[in-house]
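# Summary of the model geometry
The lines below spell out each chain.
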Amino acid sequence: MGTRKNQRDLTAAEKRDFVNAILELKRNGHYDRFVQTHNHFITSDTDDSVRVGHRSPSFLPWHRRFLLEFEQALQAVNPAVTLPYWDWTVDRSATSSVWAPDFMGGDGRAGDGQVTTGPFAYGSGNWTLTVRADSRPYLRRQLGGSGDVLPTAADVRSVLAIATYDAAPWNSRAATGFRNSVEGWRGPNLHNRVHVWVGGNMQTGMSPNDPVFWLHHCYIDKLWSDWQRAHPGSGYLPVGGTPDVVDLHDAMAPWNNVTPADVLSHTAWYSYA
Amino acid sequence: MADIRRRDLLKLAATGVVAVTGVAGGTQLVTATRSQAAPQDHNHSTADETFEEVYRGRRIECGVSGASHHHDRRTALGVPLAAAPFVRIDEAELHVMVNADGSYTSVVNHYKSFRTLTDVARAAVDDLNGAQLLPIRA
């Protein structure tokens with residue numbers, strides 16, 4: 001079992017191992033399959049039809065399973081690697097160490113938004129986008145360019161205080177429930193706002209093209225874990241018979257052999273530091 | 001007006017309400033039909049909202065096809081949610097979806113909502129910054 005750490009606490013060697021494992025998955029083609037899977041789901045997860053990965057109760061368990069698969073792919077390269085998380089309530093500026101040249105690399109440059117520093121800069125020759133929405137093959141960011149600020153610790157506390165997991169109509173319009181607030185379609189907007197704040201590829205359906213995707217979603221996964229501990233009497237909803245939605249014991253595509261109930265606890269695979 | 005094709009004008013003229021206005025960044029042509037213009041055959045596909053403009057030098061075409069007029073929920077512009085919206089930028093398709101509150105989201109802005117198809121299309125043009133859309137492998 002691994003320990004997932006805050007990225008700000010990683011040693012230089014841990015950062016290097018994480019980055020190198022990602023670069024190896026990119027080189028061998030495995031990485032882009034994750035990008036493709038994510039885009040396939042987010043572009044077909046609609047509010048009024050079958051929805052699995054997004055805008056639905058299974059947003060959290062689907063991404064937990066998705067991240068676990070990615071982490072296991074990294075560990076096939078280097079068994080010492082675990083996913084780090086980015087706590088954007090603390091590291092909330094474009095000069096935070098998460099954006100340093102030895103880790104995620106920095107903001108996009110003026111003009112075309114191209115990331116030109118760090119291991120994922122197009123000029124490094126190791127990070128050409130192949131699953132993409134447009135003709136630009138390079139990683140782009142525009143940190144804070146949307147005019148938004150990152151969610152605050154108070155925003156997170158207000159969402160963690162919501163006692164019910166999710167609510168009808170079980171989509172982006174659910175007026176109450178932890179899931180829709182953490183996903184960001186309601187309330188202070190946590191998850192969605194961070195994608196938009198990073199900008200560039202992170203706000204597209206192919207958002208895993210930016211490796212900070214994994215650090216952001218690792219923190220979202222940690223928030224779910226924190227919420228579970230704060231509300232031990234509140235379980236996953238809905239539990240059965242809900243059209244178009246993954247109920248507690250329904251299998252989740254694309255794996256079709258894992259249900260939300262199977263991943264409610266992550267302690268068999270990892271813990272959070 | 002010079003950018004609008006004759007076939008589009010003919011199509012729009014046949015649908016009812018047509019408004020032509022000049023806006024900053026381009027010329028736009030908007031049309032929206034009212035529900036009384038809906039065909040009696042609910043299986044009949046129709047484009048009941050179409051829009052075309054040149055924005056920042058890019059040709060935007062958007063509209064809604066396959067509208068199901070008996071559907072209760074509608075977008076801010078009154079388009080039935082069961083309808084399939086489309087956006088093309090320089091004739092390349094931009095993947096868009098209707099959100100449950102009637103707003104729109106596109107593949108290049110998938111984590112926020114836009115009130116109208118025009119808004120989501122213009123945001124995509126802004127983001128593309130001159131780049132060409134590629135077909136999405138679904």
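Residues numbered from 1 in each chain as written. Chains lettered and ligands numbered in written order. Predicted model: local features only at pLDDT ≥ 70, side-chain atom pairs only at ≥ 80, totals over all residues. Heavy atoms only, no water.

## Looking at the overall build of chain B
Within chain B, the secondary structure is distributed over two helices and nine strands. Out of the 138 residues belonging to chain B, those deemed buried represent 48%. Once local pairs closer than 6 in sequence are excluded, the contacts in chain B between residues at least 24 apart make up 42%. Accessible surface for chain B amounts to roughly 6600 Å². Of this, 50% is attributable to carbon and sulfur atoms. (Helix = DSSP H or I, 4+ residues; strand = E, 2+ residues; numbered from the N terminus. Buried < 20%, exposed > 50% of the residue type's maximum accessible area, 1.4 Å probe, protein only. Contact = heavy atoms within 4.5 Å. Areas by Shrake-Rupley, 256 points an atom, 1.4 Å probe, with all protein chains shown as cover.)

## Comments concerning the overall build of chain A
A tally of regular secondary structure across chain A gives seven helices and two strands. Shown N-terminal to C-terminal, the secondary structure of chain A runs as helices and strands in the order β-α-α-α-α-α-α-α-β. What you see for chain A is a C-alpha radius of gyration of 18 Å, in line with the 19 Å of a compact globule of 273 residues. For chain A, the C-alpha atoms occupy an extent of roughly 50 × 40 × 35 Å along the three principal directions. Looking at the 273 residues of chain A, the share that counts as buried comes to 59%. Sequence separation of 24 or more characterises 68% of the internal contacts of chain A that already satisfy a separation of 6 or more. Looking at chain A as shown, the accessible area adds up to about 9700 Å², and 52% of this sits on carbon and sulfur atoms. Averaging the locations of the 25 positively and 27 negatively charged side chains of chain A gives two centres separated by 3 Å. (Rg over C-alpha atoms; globule rule 2.2 N^0.38 Å. Lys, Arg positive; Asp, Glu negative; His and termini not counted. Charge placed at Lys NZ, Arg CZ, Asp CG, Glu CD.)

## As for the UniProt feature "domain: Tyrosinase copper-binding" (unreviewed entry) in chain A
All names here are of chain A. Feature annotation in UniProt assigns "domain: Tyrosinase copper-binding" (unreviewed entry) to the following positions: residues 54-71 and 210-221. Between the first and last C-alpha atoms of residues 54-71 the distance is 20 Å; the span itself is 72% helix and 0% strand. Counted over residues 210-221, helix gives 83% and strand 0%. Its end C-alpha atoms are 18 Å apart. (UniProt positions renumbered as here; feature names shortened; annotations may be inferred.)

## Digging into the interface of chain A and chain B
Contact residues are listed per partner, giving 34 residues for chain A and 25 residues for chain B. Both faces considered, chain A and chain B share a buried interface measuring about 2500 Å² in area, 50% of it formed by carbon and sulfur atoms. Ranking the residues of chain A by area buried against chain B places Thr43, Ala133 and Gln203 of chain A at the top, with a combined share of 20%. Summed over the shared surface of chain A and chain B, the result is two salt bridges. Summed over the shared surface of chain A and chain B, the result is 15 residue pairs in polar contact (both at pLDDT 80 or more). For the side of chain A that touches chain B, the secondary structure elements donating two or more residues are helix H2 (30-44) and helix H6 (191-198) of chain A. Counted by class, the side of chain A that touches chain B contains seven nonpolar, 17 polar and ten charged residues. (Buried area = accessible area lost by both parts, 1.4 Å probe. Salt bridge = Lys/Arg side-chain N within 4 Å of Asp/Glu carboxyl O. Polar contact = N/O pair within 3.5 Å; in protein donor to acceptor, adjacent residues only side chain to side chain. Nonpolar A, V, L, I, M, F, W, Y, C, P; charged D, E, K, R; others polar.)

## What to know about H6 of chain A
Extensive coverage of H6 of chain A is indicated by the burial of eight of its eight residues. Along H6 of chain A, the residues classified as buried are His191, Asn192, Arg193, Val194, His195, Val196, Trp197 and Val198 of chain A. Taken together, the buried residues of H6 of chain A touch helix H3 (59-77), helix H4 (153-160), helix H5 (178-183) and helix H7 (212-230) of chain A together with strand E9 (109-114) of chain B. Where H6 of chain A terminates, the next one or two residues include glycine 199 of chain A, which has phi positive at roughly 70°.

## As for the nonpolar core
All names here are of chain A. Core analysis: the biggest nonpolar cluster contains 93 residues, and Trp86, Trp88 and Trp214 have the highest contact counts within it. Residue contributions to this core peak at ten residues, all from H7. Discounting residues that sit within four places of it in the chain, tryptophan 88 has contacts with Leu150, Pro151, Val156, Leu190, Val194, His216, Tyr219, Ile220 and Leu223. (Core = buried A, V, L, I, M, F, W, Y, C linked by side-chain atoms within 4.5 Å.)

## A word on the sheet that holds strand E7 (residues 96-98) of chain B
Here we have three strands laid out as an open sheet, ordered E7-E8-E9 (chain B), and antiparallel in their pairing. The strands lining the two open edges of the sheet, one partner per strand, are E7 and E9 of chain B. Pairwise comparison of adjacent strand axes, ignoring direction, gives a mean angle of 25° for this sheet. Two strands pair when backbone bridges link them, and E7 of chain B and strand E8 (residues 104-106) of chain B are joined in this way by three bridges, in the antiparallel orientation. From the neighbouring strand, valine 98 of chain B faces E8 of chain B, where its bridge partner is tyrosine 104 of chain B. With respect to the sheet, H2 of chain A is in contact with E7 and E9 of chain B, its orientation differing from that of E9 of chain B by roughly 20°. (Pairing = 2+ DSSP bridges. Axes fitted to C-alpha atoms, helices over the stretch in contact; angles between N-to-C directions.)

## Some details on the confidence of the model for chain B
Residue and element names in this part refer to chain B. Put simply, chain B has an average pLDDT of 69, and 50% of its residues get 70 or more. Low pLDDT, under 50, characterises residues 1-47; the predicted model gives this stretch 75 contacts beyond four residues in sequence or across chains. Both confidence scores are given for the complex: pTM 0.87, ipTM 0.94. (pLDDT = per-residue confidence, 0-100.)

## Description of the pairing of strand E5 (residues 84-89) of chain B
Residues and elements named next belong to chain B. For strand E4 (residues 58-65) and E5, the ladder comprises six bridges, and the chain directions are antiparallel. Among the inter-strand pairings, valine 64 is bridged to a residue of E5, identified as proline 85. Between E5 and strand E6 (residues 92-94), which follow one another and run antiparallel, lie two residues, and aspartate 90 among them has a positive phi close to 50°.

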